[in-house]
Amino acid sequence: MKGIEITYLPVDDKGLVNVEDLKKAIRPTTILISVMFANNEIGTVEPIKEIGRIAHEHGIYFHTDAVQAFGHLPIDVNEMNIDLLSASGHKINGPKGIGLLYIRKGIKITNLIHGGAQESGKRAGTTNAAGIIGFAKATELAVRDMEETRAYESRLRDKLIAGVTAEIPFTRVNGDLTNRLSNNVNFCFRFIEGESLLIMLDQKGICASSGSACTSGSLDPSHVLLAIGLPHEIAHGSLRLTLSKDTTEEDIDYVVESLKEIVGRLRMMSPLYEDFVKKNKEASA
């Protein structure tokens, strides 16, 4: 945006924003702080309440992109000091193409598109009634079952992490293991390429990604993994798996066994892995 200076904050090796870095970055001209509630790739949940408190202490508006957290984590905009919050229906089994922006009463925003009175002048076009109703119902169901779903997903998530790290050596779990979304797992497997892994998983009927859908057309490693300090060669071997209340124990077992087989096969074809094994043998001889 012309005339606006933006400061980007670093994160630690788990993807967490340091609140002390945030405090240091605030200037007299700062008008808005925006932090993602939970990262869509590595699942790390940020200290939103603390960040919001700091923003309000300095008289600054606080926005959070809660697309990944909405309907999955308890959110209280007052308790968490949130002034603006964005969310999307497709992340909670609602319709695609519908979202919301919560704006705290009294905050005025400038129109990007001017509209008619039926849209309160904020945008042009007819209200997407079907999408809105579908989003509302999906939200109702997600909130109703939230605690039960989180407990179930967390158990499967931890089983998946334990199984993969036990069965596949040279595996890294990305993101914070404690402050983490219940339905997210992200691994890096050394000595392989993520794209080859995805193709072979797809052949076994397993849907996964190497990053976010937003960057699916890029061959570059995930900017999220680079931001947490991973070198390119390790970030290229990333895999993101998302769970749901429909995922079963048998699904987890199948994924662990499939990953063990596929990663082993890809490493046998990798000259990097061959050199690594050779050097290790020489060092132990």
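Residues numbered from 1 in each chain as written. Predicted model: local features only at pLDDT ≥ 70, side-chain atom pairs only at ≥ 80, totals over all residues. Heavy atoms only, no water.

A.B. asks: How should I be thinking about the sheet that holds strand 6 (residues 184-189) in this particular structure?
C.D. replies: By definition, the strands of a sheet pair up through backbone hydrogen bonds, in either a parallel or an antiparallel sense. Pairing is antiparallel in the open sheet, where three strands are placed in the order 5-6-7. With one partner strand each, in any of the chains shown, strand 5 (171-173) and strand 7 (238-242) form the two edges of the open sheet. Taking the axes of each pair of neighbouring strands and ignoring which way they run, one obtains an average angle of 25° across the sheet. Judged from the three bridges that link them, strand 5 and strand 6 form a sheet pairing that is antiparallel. Bridge pairing in strand 6 places Arg172 opposite Cys188. (Pairing = 2+ DSSP bridges. Helix = DSSP H or I, 4+ residues; strand = E, 2+ residues; numbered from the N terminus. Axes fitted to C-alpha atoms, helices over the stretch in contact; angles between N-to-C directions.)

A.B. asks: Got a minute to help me understand helix 9 (residues 271-284) in this structure?
C.D. replies: What sets the pattern is the α-helix's 3.6 residues per turn: residues three or four places apart point alike. The terminal C-alpha atoms of helix 9, which comprises 14 residues, lie 20 Å apart, in line with the 20 Å expected from a rise of 1.5 Å per residue. Put simply, Ser270 is the residue that caps the front of helix 9, since its side-chain oxygen is 3.3 Å from the backbone nitrogen of Leu272. (Expected span 1.5 Å × (residues − 1). Polar contact = N/O pair within 3.5 Å; in protein donor to acceptor, adjacent residues only side chain to side chain.)

A.B. asks: Would you explain the layout of surface pockets in this entry?
C.D. replies: Taken as a whole, the second largest pocket spans an internal volume of roughly 760 Å³. Taken together, 28 residues line the second largest pocket, and the ones lying closest to its centre are His72, Lys91, Asn93, Leu243 and Ser244. Every element with two or more residues in the lining of the second largest pocket is listed here: helix 3 (129-144), helix 4 (146-167) and strand 7. Its residues assigned to classes, the lining of the second largest pocket shows nine nonpolar, 11 polar and eight charged. (1 Å grid on protein atoms, 1.4 Å probe; cavity = no way out; pocket = protein on both sides within 12 Å on 5 of 7 lines; lining within 4 Å. Points joined across faces, edges and corners; volume = space filled by probe spheres on them. Nonpolar A, V, L, I, M, F, W, Y, C, P; charged D, E, K, R; others polar.)

A.B. asks: When you look at the pattern of salt bridges in this model, what are you seeing that I'm missing?
C.D. replies: Charged atoms that come close allow side chains of opposite charge to pair. In this structure the tally under the stated criterion is 18 salt bridges. One salt bridge in this structure joins Glu5 and Arg27, with 3.7 Å as the shortest N-O distance. Of this pair, Glu5 sits in the segment before helix 1 (19-25) while Arg27 sits in the loop between helix 1 and strand 1 (32-36), placing them 22 residues apart in sequence. Residue Glu5 is classed as exposed on the basis of its relative accessible area of 62%. Two residues, Glu140 and Lys137, come together in a salt bridge whose shortest N-O distance is 3.3 Å. Of this pair, Glu140 and Lys137 both sit in helix 3, three residues apart, which is roughly one turn of that helix. Looking at Glu140, the relative accessible area reads 46%, which means it is partly exposed. Several salt bridges share partner residues, and in doing so they unite Arg155, Lys159, Glu249 and Asp253 into one network. (Salt bridge = Lys/Arg side-chain N within 4 Å of Asp/Glu carboxyl O. Buried < 20%, exposed > 50% of the residue type's maximum accessible area, 1.4 Å probe, protein only.)

A.B. asks: What should I look at first to understand the environment of Leu201 in this one?
C.D. replies: In this structure, Leu201 sits in helix 5 (residues 194-203). A relative accessible area of 1% means that Leu201 is categorised as buried. With 58 residues separating them along the chain, Leu201 and Leu259 place their C-alpha atoms 7.7 Å apart. With sequence-adjacent residues up to four places away left out, Leu201 is seen in contact with Ile206, Ala208, Leu239, Leu259 and Ile262. (Contact = heavy atoms within 4.5 Å.)

A.B. asks: For this particular structure, what's the right way to read the packing of aromatic side chains?
C.D. replies: Given two aromatic rings, one states the distance between the centres and the angle between the planes to describe the pair. Tallied over the full model, the rule gives six aromatic pairs. Centroid distance Phe70 to Phe135: 5.9 Å. Interplanar angle 65°. Geometry classified as edge-to-face. Of this pair, Phe70 sits in the loop between strand 2 (61-65) and strand 3 (84-88) while Phe135 sits in helix 3, and the two are 65 residues apart along the sequence. Accessibility assignment for this pair places Phe70 and Phe135 in one class, buried. With a centroid separation of 4.9 Å and 85° between ring planes, the pair formed by Phe170 and Phe276 is classed as edge-to-face. (Phe/Tyr/Trp six-rings, centres within 6.5 Å; stacked < 30°, edge-to-face > 60°.)

A.B. asks: Where do I start with a nonpolar patch on the surface in this structure?
C.D. replies: A cluster of nonpolar side chains, namely Ile4, Ile6, Tyr8, Ile31, Leu32 and Tyr61, defines an oily patch on the protein surface of about 690 Å² accessible area. Residue placement: Ile6 occurs in the segment before helix 1. (Patch = residues over 30% accessible without salt bridge, like charges linked within 9 Å, V, L, I, M, F, W, Y side chains within 5 Å. Areas by Shrake-Rupley, 256 points an atom, 1.4 Å probe, with all protein chains shown as cover.)

A.B. asks: In this structure, what is going on with the packing of helix 4 against helix 8 (residues 249-268)? I would like to understand it.
C.D. replies: Helices that pack against each other are described as a pair by the angle of their axes relative to one another and the distance between those axes. Packing of helix 4 against helix 8 leaves a shortest axis separation of 10 Å and a crossing angle of 20°. In terms of orientation, helix 4 and helix 8 fall into the roughly parallel class. As helix 4 runs across helix 8, the sense of the crossing is right-handed. Only Glu249, Ile252, Asp253, Val255, Val256, Leu259 and Lys260 of helix 8 make contact with helix 4, whose side of the interface consists of Arg155, Leu156, Lys159, Leu160, Gly163, Val164 and Glu167. (Parallel < 35°, antiparallel > 145°, perpendicular 65-115°, else oblique. Left-handed = near helix turned anticlockwise from the far one by under 90°.)

As far as function goes, none of this settles anything; it's purely spatial.
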